[in-house]
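What the coordinates show
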Amino acid sequence: MNTAELKEWLLLNGGPAIQLNIQFSQNTNKVIDINAVSCLLDIPNVKSTLDYIDGFNTQSRDKKTLEHLIHYYKDSCIEKFFPRLIDLGFRAGIPVFDEKMQLIKEIFLYMLSENYDYCYYYRLMLHQYFFVAGYDYPEAVNSIMQRLNKIHIAAKERIYEIYQDKSSLPKVPQHWIDRGVLKDDLNPFDQSSEKPLPTIYDIKALAYFPSVYKNTEVQEKINDVINYILDPIIQKIPEGYGLLWVKDRRIYQACGWSPTLPLYENYDRPQHLSTNVLLDYLEIMSNFKAAHKSKWFIESLNHFEQFKTENGTYIFPKDHFNNKYIEEAFLNKKSLNLRPNERQYILYELVSTLRMLRIIDRINDSE
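An account of the accompanying structure is given in this report. Residues take numbers from 1 onward in each chain, read along the sequence in its written order. In view of the model being predicted, local features appear only for residues whose pLDDT reaches at least 70, and side-chain atom pairs are presented and counted only at 80 or more, with totals across whole chains, interfaces and linings using the full set of residues. Hydrogens are left out, water is left out, and the side-chain values use all remaining heavy atoms of the structure.

The next subject is the pattern of salt bridges. When a carboxyl oxygen of Asp or Glu is within 4 Å of a side-chain nitrogen of Lys or Arg, the pair counts as a salt bridge. Summed over all chains, the structure comprises 16 salt bridges. In this structure, Glu 217 engages Lys 221 in a salt bridge whose closest nitrogen and oxygen atoms are separated by 3.7 Å. Taken as a pair, Glu 217 and Lys 221 lie in helix H11 (residues 216–230) at a separation of four residues, close to a single helical turn. Here's how the labels work: a residue is buried when its accessible area is under 20% of the maximum for its type, exposed when over 50%, partly exposed in between, all with a 1.4 Å probe on protein chains only. Owing to a relative accessible area of 51%, Glu 217 belongs among the exposed residues under this scheme. With a relative accessible area of 18%, Lys 221 lands in the buried category. Three or more residues joined by partner-sharing salt bridges are found here, namely Asp 87, Asp 280, Glu 283, Arg 355 and Arg 358. Numbering of helices and strands runs from the N terminus, with a helix taken as a DSSP run of H or I at least four residues long and a strand as a DSSP run of E at least two residues long.

Right under this line is the structure:
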């Protein structure tokens, strides 16, 4: 099946989440399928996931509150629930979603107004959620543009020597003795850094940065950043970059969140990221034309092509998925009446085909 036929197959066999995803992928005037939205909101697990956004309706703005909302281990944290909402088909233009997104925007505006490093840190994490959902708030656009201008310096200069001389620093704790200490001006999360290294949060945000803002100069900067992180020298850097020396507190901290690509061709580095993360990263990188001809992208794409069925759909193994999928949202009424193992099979086929179709469409659109 070609892509048009795959979309028809998905619409025929999928539930309301599939209907919305396909609609947004091919609808330029953004007319919303109110019936599909209504069906989704009637599913208790969908409604409870959407209502996690209500946690942002708080007057508390302290560091601990922001941590729990943005970067935490619980399901109520945006890192956990927002990817599920995107998979369910929620996007800009759905009234109930638009209203709730204002709560996240208010927190973002607060962080813009403050000069605390932790506000800067959490703000970098929020960029991606606005853009992937189709919200091009001017404040978010200006914020990511400022960030792009800064991380582009390291990319343009092709900075490879990223570590300080440890002999001039206090002794590193024994359990971190083998880790390098980043140069101060390369610290990704310090807003005073002159040449911050890009993080995976930056890459996710740039992947969905609205095309209307990508003039030639902006696109060239994004391409420089992508080519920089695809450089084997950068990919050989240990995952997480290493350590940060916090001078005012005189402590070391782990940096983290480097744009380390799972299953990259540098096999001398231990691989901590599994195949479920590979699918997420491949989908992110499919947004960049500059990545499509890289060895990593081609080999990663080929990995998933092996799961193509005879009729042209895809079925990935269970361990290739990073999110939980609600059957009532993704299956049509006929499939919901199947036996549990049959429902699971068609669920994986629908989700696998939908996600592969996104990647294929982006590749085709860039040609």
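On to the pairing of strand E2 (residues 251–254), then. Two strands are counted as paired when DSSP detects at least two bridges linking them. As judged from the four bridges shared by strand E1 (residues 243–246) and E2, these two strands associate in the antiparallel manner. Looking across to E2, one finds that Leu 244 is bridged to Gln 253. A loop of four residues connects E1 with E2, the two strands running antiparallel in sequence, and Arg 250 in this loop sits at a positive phi of about 50°.

This brings us to the nonpolar core. Here, nonpolar core means buried Ala, Val, Leu, Ile, Met, Phe, Trp, Tyr and Cys residues that are tied together by side-chain atoms lying within 4.5 Å of each other. Phe 82, Phe 97, Phe 130 and Met 285 are the most contacted members of the largest nonpolar core, which has 120 residues in total. Between two residues, a contact is recorded if the distance between any of their heavy atoms is within 4.5 Å. Among residues more than four places away in sequence, those in contact with Phe 97 are Leu 50, Ile 53, Phe 82, Leu 85, Phe 90, Arg 91, Ala 92, Ala 133 and Tyr 135. Formed by seven residues, the second largest nonpolar core is a distinct cluster that contains Leu 169, Trp 176, Val 181 and Trp 245.

What follows covers the packing of aromatic side chains. Note on ring pairs: Phe, Tyr and Trp rings are taken, using the six-membered ring of Trp, and paired if centres are within 6.5 Å. Classes follow the plane angle, with under 30 degrees stacked, over 60 edge-to-face and the rest tilted. Summed over the entire model, instances satisfying the criterion amount to 25 aromatic pairs. Plain terms: the ring middles of Phe 307 and Phe 316 are 6.0 Å apart, the flat faces sit at 70° to each other, and that makes the pair edge-to-face. Overall, Phe 307 belongs to the buried group, its relative accessible area being 18%. Here Phe 316 falls in the buried class, since its relative accessible area comes to 1%. Between the aromatic rings of Tyr 314 and Phe 316, the centroid separation amounts to 6.3 Å while the plane-to-plane angle is 55°, which identifies the pairing as tilted. Of the two residues, Tyr 314 and Phe 316, both sit in the buried class. Three or more aromatic residues link up through ring pairs in this structure, and these residues are Tyr 52, Phe 81, Phe 82, Phe 90, Phe 97, Phe 108, Tyr 129, Phe 130, Tyr 135 and Tyr 137.

We now examine the environment of Pro 262. Relative to the helices and strands, Pro 262 is located in the loop between E2 and helix H13 (275–285). When its relative accessible area of 1% is taken as the criterion, Pro 262 is described as buried. Separated by 17 residues in sequence, Pro 262 and Leu 279 have C-alpha atoms that sit 9.4 Å apart.

Where helices are involved, their axes are fitted lines through C-alpha atoms of the stretch in contact, as for all axes, and angles between N-to-C directions lie from 0 to 180°. It is at 10 Å that the axes of helix H1 (residues 3–13) and helix H17 (residues 340–366) come closest, and there the two elements cross at 150°. The angle between H1 and H17 falls in the class roughly antiparallel. Relative to H17, the crossing made by H1 is left-handed. On H17, the residues that touch Thr 3, Leu 6, Lys 7, Trp 9, Leu 10 and Asn 13 of H1 are Ile 346, Glu 349, Leu 350, Thr 353, Leu 354, Leu 357, Ile 360, Asp 361 and Asn 364. Here the contact of H1 with H17 is built from residues that sort into eight nonpolar, four polar and three charged. Note on terminology: angles under 35 degrees are roughly parallel, angles over 145 are roughly antiparallel, angles of 65 to 115 are roughly perpendicular, and the others are oblique. Handedness of a crossing follows from how the near helix is turned relative to the far one, being left-handed for an anticlockwise turn of less than a right angle and right-handed for a clockwise one. Gly is put with the polar residues, along with every residue not named as nonpolar or charged; the nonpolar set is Ala, Val, Leu, Ile, Met, Phe, Trp, Tyr, Cys and Pro, and the charged set is Asp, Glu, Lys and Arg.

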